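Take a look at the letters that make up each chain.
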2 protein chains.
Amino acid sequence: MNVVIIGAGNLATNLAYAIHSKGHNIRQVYSRTYESAYMLAKCFDAEPVIETERIITDADIYILSVSDKALAEVASKIYIGREDCLFVHTAGSMPMDVLPAQRRGVFYPMQSFSKQRIVDFSDIPIFLEVSDSKDKSLVADLANSMSDKVYWLSSSERQFLHLAAVFASNFSNHCYRLSEKILQEHGIPFDVMLPLIDEVTQKVHVLPPKDAQTGPASRQDNNVINKHIQMLSGNPDLQNIYELMSKSIIHDKL
Amino acid sequence: MNVVIIGAGNLATNLAYAIHSKGHNIRQVYSRTYESAYMLAKCFDAEPVIETERIITDADIYILSVSDKALAEVASKIYIGREDCLFVHTAGSMPMDVLPAQRRGVFYPMQSFSKQRIVDFSDIPIFLEVSDSKDKSLVADLANSMSDKVYWLSSSERQFLHLAAVFASNFSNHCYRLSEKILQEHGIPFDVMLPLIDEVTQKVHVLPPKDAQTGPASRQDNNVINKHIQMLSGNPDLQNIYELMSKSIIHDKL
């Protein structure tokens, strides 16, 4: 498959490596700055491009992997002169409609990516959507060549997937952060928490999170809950979160 | 070392296996029911005991690993006739003073244990405390024989360690649970979230949680935050948690 990658950020970089490793042909990498386009393009003998007019017009698929903010603008620029081409974006939180193209779609690999760490895609779920059913097999072929976990999901459902991911990844990380804060105040290194964190994560591979729940709120131990709330009296932010999370855990058990 | 294990629950079971595997001698296992005392004791050729009077009086250390609620009562019973013995409990949330003994201490391995899954102790941090400095080396020797991560921590500091663990493990698991709830409402299996959860967990092994933070709140993307809050309007519990966590993440960046 002939592919053009629009963007050279964390997701674009990981995606380009995964696509290339499956034998597809990355023809060009577009980015706003020459350096970032070049740094990524050179890994695949692709052409770095910084002017939209120089993007080829005969690729099988154009993958837009830029920031949510820039997506609409970049998409409308590139669409000009490529009205018959297939465009997909990679943003979990953006609807398919943000693309002006007739043949449009979404190719959303749900993972936290960084350039410094090129990850294996085979385990990463990819969520697909296309406007034109004729493009289904092309997009599915690309996804299936990369991952064992390929799903079709509409824009409206994908919004909720993204919201669920905020809870499972961003908010759980913030729980680690709040834990770190408490430890710091008492001179205890955060590292002591890692075996426990690893165990909790491994548990949800074998038990649904609801059944894996433990702790004072889970056993409705009001003595400990009230003592903890008191211990956080100097920190209203943490105190509010402690109360709300505990209530939610208790509520979930009823 | 001659050890008596008081209790036969999740922690007691894992602890007994770890102690035995390091060549120490588990002489007796006490439990309220014969069956549970026997089931654990037989693994080490130890004697199962259900009457406190039958507990030996010449062990090097008595480890009380019972529920927080039962701890004070069980401890005061066993103390009678063993006034010169060394007692330690294993409860992260309980002060050392809950034990009536002169020679008392705490031996707290911080992990989430279950009987069904006997874990390797070498990576599990153990937090120690003793009332009599003469017992320091005995308790430290036992802990060091089991784990590479042994720390001394006072009862008042250990309270905060336990509080920090509630955030890092119980509340992060509840974030997974809330994620699961949102997915269930849209017919998406929770399994799709696991690669992302694993990545977040692996990240805090190499980056402090503060630096590992990503997501809409972290980049102060109010468009997405407001859309998410609206999407949760049918579920005030989740909506409140979303708002409070997002505020706390934004606040933490300032």
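These numbers come from a predicted model, not from an experiment.

Caption draft 1: Structural context of a nonpolar patch on the surface. Residues A:Tyr34, A:Tyr38, A:Met39 and A:Ile50 make up a contiguous nonpolar surface patch of roughly 390 Å² in combined accessible area. Relative to the helices and strands, A:Tyr34 is located in helix H2 (residues 34-41).

Caption draft 2: Geometry of the relation of the copies chain B and chain A. It takes a turn of 180 degrees to lay chain B on chain A, together with a shift of 0.0 Å along the axis; the resulting RMSD is 0.0 Å. The relationship between the two copies is best expressed as a two-fold rotation axis. The rotation axis passes nearest to the C-alpha of B:Ser172 in chain B, at a distance of 2.2 Å. Comparing interface residues between copies, 100% of those in chain B also lie at the interface in chain A; the contact surface is shared.

Caption draft 3: Here's a closer look at the sheet that holds strand S7 (residues 126-130) of chain A. All names here are of chain A. One open sheet accounts for 8 strands, arranged S3-S2-S1-S4-S5-S6-S7-S8; its pairing is mixed. Both edges of this open sheet fall to strand S3 (47-49) and strand S8 (150-152), since each of them pairs with a single strand only. The average undirected angle you get between the axes of adjacent strands in this sheet is 25 degrees. In terms of strand pairing, strand S6 (residues 103-109) meets S7 through 5 bridges, oriented antiparallel. Considered in S7, the bridge of Pro109 is made with Ile126.

Caption draft 4: Spotlight on the side chain of A:His174. Positionally, A:His174 belongs in helix H5 (residues 155-185). Once residues within four sequence positions are removed from consideration, A:His174 is found in contact with B:Gln213, B:Met245, B:Ser248, B:Ile249 and B:Asp252.

The rules we used
- Residues numbered from 1 in each chain as written.
- Chains lettered and ligands numbered in written order.
- Predicted model: local features only at pLDDT ≥ 70, side-chain atom pairs only at ≥ 80, totals over all residues.
- Heavy atoms only, no water.
- Patch = residues over 30% accessible without salt bridge, like charges linked within 9 Å, V, L, I, M, F, W, Y side chains within 5 Å.
- Areas by Shrake-Rupley, 256 points an atom, 1.4 Å probe, with all protein chains shown as cover.
- Salt bridge = Lys/Arg side-chain N within 4 Å of Asp/Glu carboxyl O.
- Helix = DSSP H or I, 4+ residues; strand = E, 2+ residues; numbered from the N terminus.
- Least-squares fit on C-alpha atoms with pLDDT ≥ 70 in both.
- Contact = heavy atoms within 4.5 Å.
- Pairing = 2+ DSSP bridges.
- Axes fitted to C-alpha atoms, helices over the stretch in contact; angles between N-to-C directions.

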